[in-house]
Amino acid sequence: TGYQRRVRGAHCWMMATAMRSSQLFVICTAMVLEASASLPSIGSISVSCEDTIAGHHECGRQIGAQFAPQIHAAFNANHAVLALYHAVLSNHTARQLFDQLTSTASKRYPLYMAELVGTAEGSRQPLDLVLTTNLAQELSAGLASGGGERIELPSKCSDVLMDRGNTTAWVHNEDYGMEYMNTVYFVRIKLWSAEGQSRDLSTFTYPGVLPGWAPGWNSHGIGFSWNVLSPRSIRPGGGVGSTFVCRDTLEAVSIDDAIKRATPSDFAYGQNLNVGSFIDRKIVTVEIAPGGRSSVLQIQRGAEPVFHANECGIELFCWKRLTND
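Cut-offs used in this document
- Residues numbered from 1 in each chain as written.
- Predicted model: local features only at pLDDT ≥ 70, side-chain atom pairs only at ≥ 80, totals over all residues.
- Heavy atoms only, no water.
- Axes fitted to C-alpha atoms, helices over the stretch in contact; angles between N-to-C directions.
- Helix = DSSP H or I, 4+ residues; strand = E, 2+ residues; numbered from the N terminus.
- Parallel < 35°, antiparallel > 145°, perpendicular 65-115°, else oblique.
- Left-handed = near helix turned anticlockwise from the far one by under 90°.
- Contact = heavy atoms within 4.5 Å.
- Nonpolar A, V, L, I, M, F, W, Y, C, P; charged D, E, K, R; others polar.
- Expected span 1.5 Å × (residues − 1).
- Buried < 20%, exposed > 50% of the residue type's maximum accessible area, 1.4 Å probe, protein only.
- Core = buried A, V, L, I, M, F, W, Y, C linked by side-chain atoms within 4.5 Å.
- Phe/Tyr/Trp six-rings, centres within 6.5 Å; stacked < 30°, edge-to-face > 60°.
- Salt bridge = Lys/Arg side-chain N within 4 Å of Asp/Glu carboxyl O.

### Quick word on the packing of helix α5 (residues 110–123) against helix α6 (residues 127–134)
If you want to describe how two helices pack, look at the angle between their axes and the distance between the axes. α6 packs onto α5 with a crossing angle of 125° between their chain directions and a minimal axis gap of 9 Å. Judged on the interaxial angle alone, α6 and α5 are oblique. Every pair of crossing elements has a handedness; the one defined by α5 and α6 is right-handed. Contacts from Met 113, Leu 116, Val 117 and Ala 120 in α5 reach Leu 127, Val 130, Leu 131 and Asn 134 in α6. Of the residues that constitute the contact of α5 with α6, the class distribution is seven nonpolar, one polar and no charged.

This is the structure in structure tokens:
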């Protein structure tokens, strides 16, 4: 079930799923606004497609067509991504890195690349701009590593995770750039296999970005949120991008499967995964570095809540525990 409420100037979208009797697993995604601002409605779409290249393309096309105005508005307002897109079009080094990243994504995740091709077609946006948006973190870091000027991107989001008494929960603050405040949308995807089996994915989605980069959950009873982390450099030779890893992790059938999907050995950059099981009543937070190096922390029953944000370098594997203060 889902409902929306206002709490002390912040707007939260809260989803609760019953696990055992009165025990609840809760994800709250908060976007903080000015006190005088009104809460914009969030658009949503439900799509049902075959689990094939053509099916994923059609899912992406429907999402892009439905949210073409939001995608257009967000792209025009995101000056950092537009600067990266200009670099891709005009700078040899940027283009070479872009081609490496997109070639790897096409080989490793052809279904998700098909979704983006469909989204570009449906929203009538240049495919390279859609891909730049999805690879912005890797492009920014890669250009800076090569001696170019770093195009700064927001480093946002934070989580509080706990397992105390009858409450197993985490709260996620989604506070990316303001250009996304009125353009984020909610996507539900049902995918069908050739054998007639289906699975459902539900996730907040940034305009033109693969589903899964924002908080979501699936029909296997697994929930996810992510925090941006900023390693000093990307993996030598590039690798797979963060949004593609997030989209793949959204398909996980268990916490262990989520960690495996989130830490590929050819991961180009880094991020923080928070993942929980509605079924097992278990939450884990994972810091991930280039090349898939990771540090895993399970939230212990009865312990103090755990806080994770993105202020420290991933090399430090910095865990912060909340005190009673």
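### Observations concerning helix α1 (residues 53–66)
Across its 14 residues, α1 extends 20 Å between first and last C-alpha, which sits within 8% of the 20 Å expected from 1.5 Å per residue. If you check which residues of α1 are buried, you get Gly 55, His 56, Cys 59, Gly 60, Ile 63 and Gly 64. Among the structural elements, β4 (43–50), α2 (68–77), α5, β7 (185–192) and α8 (242–249) are those in contact with the buried residues of α1.

### Some thoughts on the nonpolar core
Residues Leu 139, Phe 224, Phe 244, Leu 273 and Val 275 are the most contacted members of the largest nonpolar core, which totals 70 residues. Excluding its chain neighbours within four sequence positions, the residues that come into contact with Phe 224 are Trp 170, Pro 215, Gly 216, Trp 217, Asn 218, Thr 249, Leu 250, Ala 252, Ala 258, Leu 273, Asn 274 and Val 275.

### Regarding the packing of aromatic side chains
Think of a pair of aromatic rings as described by two things: how far the centres are apart, and how the planes are tilted against each other in angle. In this structure the tally under the stated criterion is six aromatic pairs. Ring centres 5.5 Å apart and planes at 25° place the aromatic pair Tyr 109 and Tyr 112 in the stacked group. No difference in accessibility class separates Tyr 109 from Tyr 112, as the two residues are buried. Where Phe 186 meets Trp 217, the ring centres are 5.7 Å apart and the plane angle is 40°; that geometry is what we call tilted.

### Structural notes on the environment of Ser 41
Looking at the secondary structure, you find Ser 41 in the loop between β3 (23–32) and β4. Taking the relative accessible area as the measure of exposure, Ser 41 reaches 69% and is therefore exposed. In this structure the C-alpha to C-alpha distance between Ser 41 and Asn 182, which are 141 residues apart in sequence, comes to 8.0 Å.

### Remarks on the pattern of salt bridges
Pairs can form between side chains of opposite charge whenever their charged atoms are close. Counted under the stated rule, the structure contains 14 salt bridges. The closest approach of N and O atoms between Asp 128 and Arg 95, which form a salt bridge, is 3.0 Å. With Asp 128 in helix α6 and Arg 95 in helix α4 (residues 92–108), this residue pair connects regions lying 33 residues apart in the sequence. Looking at Asp 128, the relative accessible area reads 22%, which means it is partly exposed. Judged by its relative accessible area of 27%, Arg 95 is partly exposed. For the salt bridge of Asp 257 with Arg 261, the shortest nitrogen-to-oxygen distance reads 3.0 Å. With Asp 257 and Arg 261 both in helix α9 (residues 255–262) and four residues apart, this pair spans about one turn of that helix. For Arg 261, a relative accessible area of 24% puts it in the partly exposed group. Salt bridges here are not isolated pairs; linked through shared partners, they connect Asp 51, Glu 115, Arg 199, Arg 247 and Glu 251.

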